[in-house]
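Okay, here's what each chain looks like letter by letter:
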Amino acid sequence: MSLTSRERILAAAKANKPEELPLPTVPDFGGEATVERFTTVLTGIGGTVVRMGGLQELGETLQQLFPEARNVASPLFRGTVPVNRETPTGILAEIDLAVLPGEIGVAENGCVWLPEANMLHRALPTITQHLALVLDQRQIVATMHQAYAQLPHTGGYGKFVAGPSKTADIEQSLVIGAHGARSLVVVLY
Amino acid sequence: MSHAIRADKFLLDADRTTWHDETLWFVREKRDRAVYAVPEFQELRELASGIKNHTLSRLDLYLQEFEAAAKANGVHVHWAADAAEHNAIILDITRKAGATRIVKSKSMLTEECHLNPFLIQHGIEVVDTDLGERIIQFRDEPPSHIVLPAIHLKKEDVGDTFHTHLGTDKGENDPQRLTEAARQHLRAKFLAGEVAISGVNFAIAETGAVVVCTNEGNADLGVNLARVHIAAMGIEKIIPRLSDLGVFTRLLARSATGQPVTTYTSHFAKPAPGKEMHIVIVDNGRTQQLGRPDFRASLKCIRCGACMNTCPVYRRSGGHSYDFTVPGPIGAILSPNIDMKKHSSLPFASTLCGSCTDVCPVKIDIHTQLYKWRQVLGEANEIPASKKWGMKFMGRVLASTRVYGLGGQFARKALRLLPHGLTHAPSMNAWAVARELPEAPKQSFREWYAKQPAPAAPSKTSA
């Protein structure tokens, strides 16, 4: 009876692997978990940080930031387009602005953890023209180590988002707005 | 064809070569600035190296742990021994899904397996969605860099390509407007995509999730709109725990482009309800490399491209001169494992300066491995006769003080007396093709030293 590829690969890996080596412990390196650091880094990579007093100011803040947004989707308030995981692609493609709650901000690199449960639809954070992530400033940690320490599991799908979609594939010229959201605003409260 | 001969073609355009060199050095400098901003960067490199070494030492076990976790997440797991099997599995999944349109984000593995031509040959439309990859796909070229696939092209080249394929205005060379044209074109492809293929940056044994890092968001858009997601991963992409990912995400983008992190770091564990997710785990020569103690460490590579950006040879010869999916220093140690004869000149495409080793975020001893490959290739008679006999001859000269002294005397005289046309004849002295030979000194250091008065005895009252 011939072996399957699975059996052959596993047997070869077992036969050819070196003697077992220890798994290092990853320390918590500490670091600066401040709004200032988060803001500086995120601004440096093309994102925007806006601060507001509390969630009750969200509507007004968004109105000022995105006065022209017509098709808005959000789990935080009743948007102009209801989106759920069944929403057809054609409707998603017309969304101007998605306003989604972020869960953890990382000061060292300006990224925000966005779990599936906060997205309405998995494609929404990238298919929308503009993305606003709403984050409690007390949820800012210093490094990725601390962020992952708060995530026992990343769920079915989830991502760290650091700034707007961008590319430098044409002669290394930085262009904001490749395929995903053309802008990213993190609204801190 | 050797690396040097292919590099000659790239070097014909001196302006472009200079631009290529300077641009990659600029990326290297960005990398340095990003690295110096992290106090514990050297510690992170050590950790990353240790985690990868550990993982390789239990690779079979972690692969099984990963498979079990992924299956528990509702993911279909496939195993492919080689490129042909990888391609066949992907075609089969696509056909079973009744699909004919695939959107694909960047994956060096699918490039290594020549997946695109295979699928196209079987009537499937495959669209590369990374902007750089789309550009070279239009031009029917392979990538010349693993992170910056179209780095060999100028904006005028992209303008011409888009004019032909996307109908942009002739002479339109503005990167912003060209990118916008690509955005509109690719959006239509994303919306119509039935199957999405992605690569894998990291696969987490503990959770069964695969992590994909992009700046453009093309993987996220493709995967989340299509009905079927196929992730293609080499067996070496495994890391044990979610917490290990903190180390690698801190190193990857900083080493690659000098960014603090990629725009999107996406964790795919379960298919969305009503959709399918497949992971194809591929060997294609990797277990063989695992069994070569001298070259095993090359499997730790996280494909950041830092070694290419810093390499003086890569920067001046261009990625296509390597004629291998992964070019540059890391490619020059991976490629002879696949085909020693075909890639025999690549381990010599290095100054052995060690800069690649210095910047490698997982501490692969790249230049040492290049040196070791040279020995292996020499033993296997895979180096040109002129190099082989030249080395043997130099070995004899350098082993004998007397012969070395005589040779020096002879060379100093010959350099002064022989005509330029002879000492610089390209057929006899390839070294002098683009260089001037030094002016020969009248005497050697040894002759000079012998004429010096003996040094005074050291004083006992040293400070």
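Residues numbered from 1 in each chain as written. Chains lettered and ligands numbered in written order. Predicted model: local features only at pLDDT ≥ 70, side-chain atom pairs only at ≥ 80, totals over all residues. Heavy atoms only, no water.

If you check an unreviewed UniProt entry, chain B appears there as Lactate utilization protein from Hymenobacter monticola.

If you check an unreviewed UniProt entry, chain A appears there as LUD domain-containing protein from Hymenobacter monticola.

Here we come to the interface of chain B and chain A. Counting from both sides, the interface comprises 95 residues of chain B and, opposite them, 72 residues of chain A. Summed over both sides, the interface between chain B and chain A buries roughly 6,800 Å², with carbon and sulfur atoms accounting for 60% of that surface. Together, B:Arg183, B:Tyr264 and B:His267 form the three largest contributors to the area buried by chain B at its contact with chain A, with a combined 10%. When the shortest N-O distance is used, the salt bridge between B:Arg250 and A:Glu108 registers 3.0 Å. For the pair chain B and chain A, the number of links is 39 residue pairs in polar contact (both at pLDDT 80 or more). The element contributing the most residues to the side of chain B that touches chain A is helix 10 (residues 175-192) of chain B, with 11 residues. (Contact = heavy atoms within 4.5 Å. Buried area = accessible area lost by both parts, 1.4 Å probe. Salt bridge = Lys/Arg side-chain N within 4 Å of Asp/Glu carboxyl O. Polar contact = N/O pair within 3.5 Å; in protein donor to acceptor, adjacent residues only side chain to side chain. Helix = DSSP H or I, 4+ residues; strand = E, 2+ residues; numbered from the N terminus.)

We describe a pair of aromatic rings using the distance from one ring centre to the other and the angle between the two ring planes. Under the defined criterion, the tally for this structure stands at nine aromatic pairs over all chains. Ring plane angle 55 degrees and centroid distance 4.9 Å describe the contact between A:Trp113 and A:Phe160, whose orientation is recorded as tilted. On the criterion of sequence distance, the pair formed by A:Trp113 in strand 5 (residues 111-115) and A:Phe160 in strand 8 (residues 157-161) is long-range, its members being 47 residues apart. Judged by relative accessible area, which is 2%, A:Trp113 ranks as buried. The lysine or arginine in question, B:Arg435, covers the ring of B:Trp431, its NZ or CZ lying 4.5 Å from the ring centre. (Phe/Tyr/Trp six-rings, centres within 6.5 Å; stacked < 30°, edge-to-face > 60°. Buried < 20%, exposed > 50% of the residue type's maximum accessible area, 1.4 Å probe, protein only. Lys NZ or Arg CZ within 6 Å of the ring centre and 35° of its normal.)

Reading across the sheet, the eight strands line up as 7(A)-4(A)-5(A)-8(A)-9(B)-6(B)-5(B)-8(B) and stay open at both edges, with mixed pairing between neighbours. In this open sheet, the two strands that pair with only one neighbour each are strand 7 (140-141) of chain A together with strand 8 (238-239) of chain B. Pairing of strand 4 (residues 104-106) of chain A with strand 5 of chain A, which is carried by three bridges, proceeds in the antiparallel orientation. In the strand pairing of strand 5 of chain A, A:Ile104 is matched with A:Trp113. (Pairing = 2+ DSSP bridges.)

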